[in-house]
Amino acid sequence: MTLPFEILLVEDNEGDVEMVRRSLRAVTPACNLSVAIDGTEALDYLLKRSNFQNVVRPHLILLDLNMPRMSGKEALTLIKSDERVKTIPVVVFTSSNAPSDIRECYAHHANCYVVKPFDSGEFKSAIGEIVNFWRNLAVLPHEAAKP
Amino acid sequence: MAPTAKQHPQGYAAAAPATGARPNILIVDDRKENLLATEKVLRPLDAVILKAISGNEALSLMLRHRFAVVLLDVQMPEMDGFETAMLMQEHESMHGVPIIFVTAISKEERYATQAAEIGAVDYIFKPINAEILKSKVKVYLDIYVQREQILKLNSTLQQSNEELERFAYICSHDMQEPVRMINSYASMLDEQYGAILDENGRKYLRFMTGNALHMRKMILDILAFSRVGREEIRLEKVDSNQIAKEILAEFETVVAQKKAEIIFDLLPELETSPTLIRVLFQNLIGNALKFQNGVSPPEIRIRAQTSEGFWQFSVRDNGIGISPDFHGKVFTIFQRLHRREEYPGTGIGLSTCKKFIELCGGEIWFESKLGKGTEFFFTLPEEAKRTL
C-alpha cells in the first residue's frame, strides 16, 4: 500500500488553515496535512529540529508569504539553498498578486506560484488541482529512487 | 524647514539650504587690491565670499564649491575671463550659475556678444560703482536662494507623495487577505448553515458578501492606481486595434445584455505601453456602457486620428452625460458622481487613466452634454519618448 501524500502547509492565518483543511477533505485518497505557523517553524520541521524529530518528510510544501518572524520569501530562500530539502517542491500560495512578489519567488526557485482565489469554491478547487498535479501528474525525486 | 530667519537678518537666509549654509559668491581677479575692494562692497550681503587670483584657481575652487553667482574679471594673464567662463560652463555644478563679467574694456559690441555667447548673464564696467555692483549681485543671490527653496520644497513634496503612495500600496496589498477571508467564510456560512437561518439571516450574509466584493474591487483598483509609476513602464509597438478587440471581448456579456452597438475605425499601431492602452479602453468603454439611462441601447464609437506627432483617440457614447457642475471632479480619485446602487464603481478608474497617460506623455479630457452623451479624448505621442 502506498503511503499517504504528505503536505506541509506554512501558514499563520487560522482562517486559511481551516480553508485548506476543508478543501483537502474533498480530495481522495486522503492526504496528511501538517501545519507550520511561520518560516522558522517550517525550517525546524523540515530539518527535524526541536519538537519535530519524528516528523515525516513532506512531498509538497504550500507556502504563504505574509507571516510574522520569518517571512515566506526568507523561508523559501533557506529551503532552496539547503541540500537536504531543496528538492521538495514548494508551491507559493498567497493572497498577493504583486508582480514583484511573483518575480522574486520564481527567482528564489519556487516551483510554482498560485494566488489564493477570492471565491471559496474556487479556493477549494485550486487546492484539489494543486494536490492532483503534484501527486498524480508530476513525478517527484523520491519516486525516481524506487527500483 | 528649520527656522533660520532669525539668525540671518538680511532675509534670504530663511531660504538657505537645509544645512543653514549661506550661498557662495566667487570673485575672480588677477589683482589682489581689486579682490579686496569688491569683497568690501559685497560683505554686507548674506553670503560667503570666495576669492581667486587666476582662472586656474577659480576652476579649482569650482570643483569644491557650489556658487550662487560668479564675478569674473575679463582681462587676466594666462587664462582670461572668457576662457575661464567657457571651461567653467562645462562643469555640471556650474550649469545655470550666473556669471557677471567685470571689464575695463569699453562698451565694445564685440565683447558683449562674446560674453553673451558664453552664457554670461551680465557685465559690469570698471570703474565699479559699488551700489550697482551690490544690487546686481543681490538680485542673483535672491534668485539662487529662491531656487534652492523651491528645489527643497519639491523634494519634500515628492518624498511625502511617494510615502503616501507606498502607504496606499501596502495597505491595499495587505487588506486583500482579510477581505477574502470575510467573503469566503460568509459564503461558507451560507452554504452550510443557510438552511437553518431565516430570511433575515440570509439577507445579512448577502450584505456581507456583497460588501466584501465591493471592497475587493476597491482594493484592486487602488493597487492598479498605485502600481502606475511604481512598476517600470514598458514601451513597445502596440496594435491598439487588436487591444480594442480584446477589451470588447471582455465586455461581451454586457454588450449582449444591453444590446449595445460598438463601432470602431481601424485603430493605429503606435509605440507606447500596451498596459496603458488596455487600462484606457477598459475604463472608457466600461464607463460608456455603464453610464446609460437603461432605455435606449448604448451606441459607442471609437476613433483615432493623427496630427502634429500625436495620435488622438476618442470614445463617444450616447449615455447620461456629465453635469457641468462636476466637470472639474471627473478625474479626481475616489470621486463618484452617483450612488453605488445606480452606477457601481470605485471612483478610481479615470484617475488611473489620467495618471498613467500623463506619465506616457499624453493627455486626457472630455466633452459632455447632460442627457445626450459624453466623448472622451486622449492623445499619445506617435513616437514614444525615450526619457521614460
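These numbers were taken from a predicted model, which means no experiment stands behind them. (Residues numbered from 1 in each chain as written. Chains lettered and ligands numbered in written order. Predicted model: local features only at pLDDT ≥ 70, side-chain atom pairs only at ≥ 80, totals over all residues. Heavy atoms only, no water.)

Things to note about the overall build of chain B
We apply this condition: The helix and strand labels rest on DSSP assignments: H or I over at least four residues marks a helix, E over at least two residues marks a strand, and numbering proceeds from the N terminus. The buried label applies to any residue whose accessible area, calculated with a 1.4 Å probe on protein chains only, is under 20% of its type's maximum; exposed applies above 50%, and partly exposed to all values in between. By definition in these notes, contact holds between two residues if any of their heavy atoms fall within 4.5 Å. The Shrake-Rupley method, run with a 1.4 Å probe, gives the accessible areas here. Residue values count only the displayed protein chains as cover.
Helix and strand content of chain B: 10 helices and 12 strands. Per-residue burial for chain B yields a buried fraction of 44% across its 388 residues. Summarising the internal contacts of chain B: among those between residues at least 6 apart in sequence, 67% fall at separations of at least 24. Surface summary for chain B: the accessible area is close to 21,600 Å², and the carbon and sulfur share equals 55%.

A few points about the pattern of salt bridges
Applied cut-off: Salt bridges are defined by distance alone: a side-chain nitrogen of Lys or Arg within 4 Å of a carboxyl oxygen of Asp or Glu.
One pass over the structure, following the stated rule, counts 27 salt bridges over all chains. When the shortest N-O distance is used, the salt bridge between arginine 180 of chain B and aspartate 16 of chain A registers 2.8 Å. Of this pair, arginine 180 of chain B sits in helix α5 (residues 130–193) while aspartate 16 of chain A sits in helix α1 (residues 14–25), placing the two residues on different chains. Judged by its relative accessible area of 2%, arginine 180 of chain B is buried. When its relative accessible area of 0% is taken as the criterion, aspartate 16 of chain A is described as buried. A salt bridge links glutamate 39 of chain B to lysine 51 of chain B, with the nearest nitrogen and oxygen atoms 2.8 Å apart. Within this pair, whereas glutamate 39 of chain B is found in helix α1 (residues 32–42), its partner lysine 51 of chain B is found in strand β2 (residues 48–52), the two being separated by 12 residues in sequence. Its relative accessible area of 32% is what places lysine 51 of chain B among the partly exposed residues. By sharing partners, the salt bridges in this structure join Glu11, Asp16, Asp64 and Lys116 of chain A together with Arg180 of chain B into a single network.

Observations concerning the environment of glutamate 250 of chain B
Residues and elements named next belong to chain B. Summarising the element assignment, glutamate 250 is placed in helix α7 (residues 240–250). The sequence separation of glutamate 250 and glutamine 282 amounts to 32 residues, and the corresponding C-alpha distance is 8.8 Å. Those residues within four positions of glutamate 250 in sequence are excluded, and the remaining contacts are Arg278 and Gln282.

Brief notes about the nonpolar core
What counts here: Nonpolar cores were defined as sets of buried Ala, Val, Leu, Ile, Met, Phe, Trp, Tyr and Cys residues, with membership established by side-chain atoms within 4.5 Å.
Counting 42 residues, the largest nonpolar core has Phe281, Ile285 and Phe378 of chain B as its most contacted members. A total of 9 residues in this core trace back to one element, the largest contributor, which is helix α9 (residues 274–290) of chain B. Here isoleucine 285 of chain B is in contact with Ile247, Leu248, Phe251, Ile262, Leu280, Ile300 and Ile302 of chain B, once residues within four sequence places are set aside. Ala36, Tyr45, Val85 and Ala110 of chain A belong to the second-largest nonpolar core, a separate cluster that totals 25 residues.

Quick notes on the confidence of the model for chain B
In low-pLDDT segments, the atomic positions of the prediction should not be examined closely. Residues and elements named next belong to chain B. Where we set the bar: The predictor rates its confidence in each residue with pLDDT, a number between 0 and 100.
Of all residues in chain B, 90% attain a pLDDT of 70 or more, and the chain-wide mean is 85. Ignoring residues within four places in sequence, the model shows residues 1–19, a span with pLDDT below 50, making 24 contacts including any to other chains. Reported confidences for the modelled complex are a pTM of 0.64 and an ipTM of 0.83.

Quick word on the interface of chain B and chain A
The following threshold applies: Buried area: the sum, over both parts, of the accessible surface (1.4 Å probe) that disappears when the two are put together. Polar contacts here mean pairs of N or O atoms no more than 3.5 Å apart (in protein, one a potential hydrogen donor and the other a potential acceptor; neighbouring residues in sequence count only if both atoms are side-chain atoms).
Facing 22 residues of chain B, the contacting portion of chain A comprises 21 residues. Per-residue buried area on chain B facing chain A is highest for Glu177, Arg180 and Met188 of chain B; these three make up 33% of the total on that side. Summed over the shared surface of chain B and chain A, the result is 1 salt bridge. Between the two partners, chain B and chain A, sit 11 residue pairs in polar contact (both at pLDDT 80 or more). Those elements that provide at least two residues to the side of chain B that touches chain A are α5 and α6 (199–227) of chain B.

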